[in-house]
Amino acid sequence: MKSYRLKSDDASIAKAAQCLGQGGLVAFPTETVYGIGVDATDKEAVLSLYRAKERPSHNPLIIHIAHPEEAALYGELNDTIRRAMMHFWQKEKSSITFIIPFKKKSAICSQAIAHKSTIALRLPHHRVAQSLLMAAGVPIAAPSANISGNLSASSADAAWQQLEGRIHMLIEDEQPLTRLGIESTILDLTGDVPLRLRTGAVKDEILHRYFGTIDLYEEQEKSVHSPGLMGRHYAPSCCLRLNARSCQPHEVGLSFGRTIMTGGRREMNLSQAGNMDEAAHNFYEMLRLLDDGPDGRIAIAPIPMTGIGHAINDRLHRATAGMIDDNR
Ligand code: TXA
Ligand code: MG
């Protein structure tokens, strides 16, 4: 398939919306990471998305909507859910995905939610994502713009590197990197107590402050809550060595703050100032730029468990799942 790269002007957004209407696959920026979108009501388009991404068909997609009011078309809302959507989506403009009961007979095809009884809904705030949703006039099913298991993309180049030839078009952000750089937080509101599945752009402290109590996925019995949280995920093609203090000669280094990973072949710093938000913003792109392929190894400085550092450490641990701990 020939893929096209477009700027994010009105004409391109109109073209992309038309492409979605014809069952096409469009990669686009959100404020978290790039997504690959299809019309969530179009079964064939959804199936082609699973194939393009090599994603197992049991792993449901996040459905993106333009307005909070659309949530009632696809999910069963109660007061708690409605208030949380207003607070986080409308008032705080947060990057949070809510898991709620799926509305039977909704226009969303059941393949998009992997035939589950729940649906993941997200309202992106990025101008391009918003304009695309409005122009397309349909809910957009959009996983992160990467091949299943690989690094998420926070730049147009990163999305292109993985998806050229697999999608119809890519809309480029005006900015080199997406603002937040890490995926949305996923919060399951189907039980009595909110359950935070994936830690991400919205910190647990903020969820605690709003809800009082929340449960955390890591502290639960690991029955299958969220298929995408299992196995090796968010991984570059090289090996990673976590909590390192310096590099071995054959390694490349990912520094943080004043822990500079010298002694290796190359080095990049997530945030010289030690700022967690800046580190998240740079995280996926620096891993991509340091990835020298299966024979390479990135030594990574300790990342503090403060703020969005929880999400960064979560992704690093998932990226090393099943790998030998070689932290010598
Ligand atoms: O920031 C983001 O959330 C990005 C942008 C593009 O919106 N999207 C994203 O999608 O990260 P994806 O597909 O890479 O990750 C979605 C996660 C997967 O781990 C999936 O298993 C989980 O959401 N998920 C989707 N529907 C679910 C459901 N009904 N119940 C539990 N987990 C669900
Ligand atoms: Mg993903």
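Here the structure is a predicted model, which means the values were calculated and not measured. (Residues numbered from 1 in each chain as written. Chains lettered and ligands numbered in written order. Predicted model: local features only at pLDDT ≥ 70, side-chain atom pairs only at ≥ 80, totals over all residues. Heavy atoms only, no water.)

### Points about helix α8 (residues 276-290)
With 15 residues, α8 should reach 21 Å at 1.5 Å per residue; the first-to-last C-alpha distance of 20 Å fits that figure. Of all the bends in α8, the largest measures some 45 degrees and sits at F283. α8 sits mainly inside the fold: 11 of its 15 residues count as buried. Within the sequence span of α8, burial applies to M276, A279, A280, N282, F283, Y284, E285, M286, L287, R288 and L290. Of the surrounding secondary structure, the elements contacted by the buried residues of α8 are α6 (156-163), β12 (239-241), β13 (252-255), β14 (267-269), β15 (297-300) and α9 (309-319). (Helix = DSSP H or I, 4+ residues; strand = E, 2+ residues; numbered from the N terminus. Expected span 1.5 Å × (residues − 1). Bend = angle between axes of the 7 residues up to and from the residue. Buried < 20%, exposed > 50% of the residue type's maximum accessible area, 1.4 Å probe, protein only. Contact = heavy atoms within 4.5 Å.)

### Focus on the site of ligand 1
As a structural note, the neighbourhood of ligand 1 is formed by 27 residues, with T32, N59, H64, S144 and S184 the closest of them. In this structure, H64 approaches ligand 1 through a side-chain N or O atom, which is 2.7 Å from an oxygen atom. Taken by itself ligand 1 offers 680 Å² of open surface, and the protein chains cover 98% of this. Contributing elements (two or more residues each) for the shell around ligand 1: β4 (62-64), β6 (118-122) and β10 (195-198). (Near = heavy atom within 4 Å. Polar contact = N/O pair within 3.5 Å; in protein donor to acceptor, adjacent residues only side chain to side chain. Areas by Shrake-Rupley, 256 points an atom, 1.4 Å probe, with all protein chains shown as cover.)

### Here's the deal with the pattern of salt bridges
The final tally for this structure, using the stated rule, is 18 salt bridges. We note a salt bridge from E172 to K7, for which the minimum N-O separation is 3.2 Å. Highlighted residues: E172 in the loop between β8 (169-171) and β9 (185-188) and K7 in the loop between β1 (4-6) and α1 (10-21), separated in sequence by 165 residues. On the basis of relative accessible area, E172 is assigned to the buried category, the value being 16%. Residues joined in a network through salt bridges with shared partners are R5, K7, D157 and E172. (Salt bridge = Lys/Arg side-chain N within 4 Å of Asp/Glu carboxyl O.)

### Details of the sheet that holds β1
One open sheet accounts for 11 strands, arranged β1-β8-β2-β3-β7-β4-β6-β5-β9-β10-β11; its pairing is mixed. The open sheet terminates on both sides in strands that have one partner only, identified here as β1 and β11 (215-216). Pairing of β10 with β11 involves 2 bridges; the strand directions are parallel. Looking at the pairing, R196 lines up with L216 of β11. On top of the sheet, helix α2 (residues 43-53) reaches β3 (35-39) and β7 (140-141); it is set at about 155 degrees to β3, its chief contact. Its contacts with the sheet place helix α5 (residues 127-136) against β2 (26-28), β4, β7 and β8, and it is angled at close to 145 degrees to β2. (Pairing = 2+ DSSP bridges. Axes fitted to C-alpha atoms, helices over the stretch in contact; angles between N-to-C directions.)

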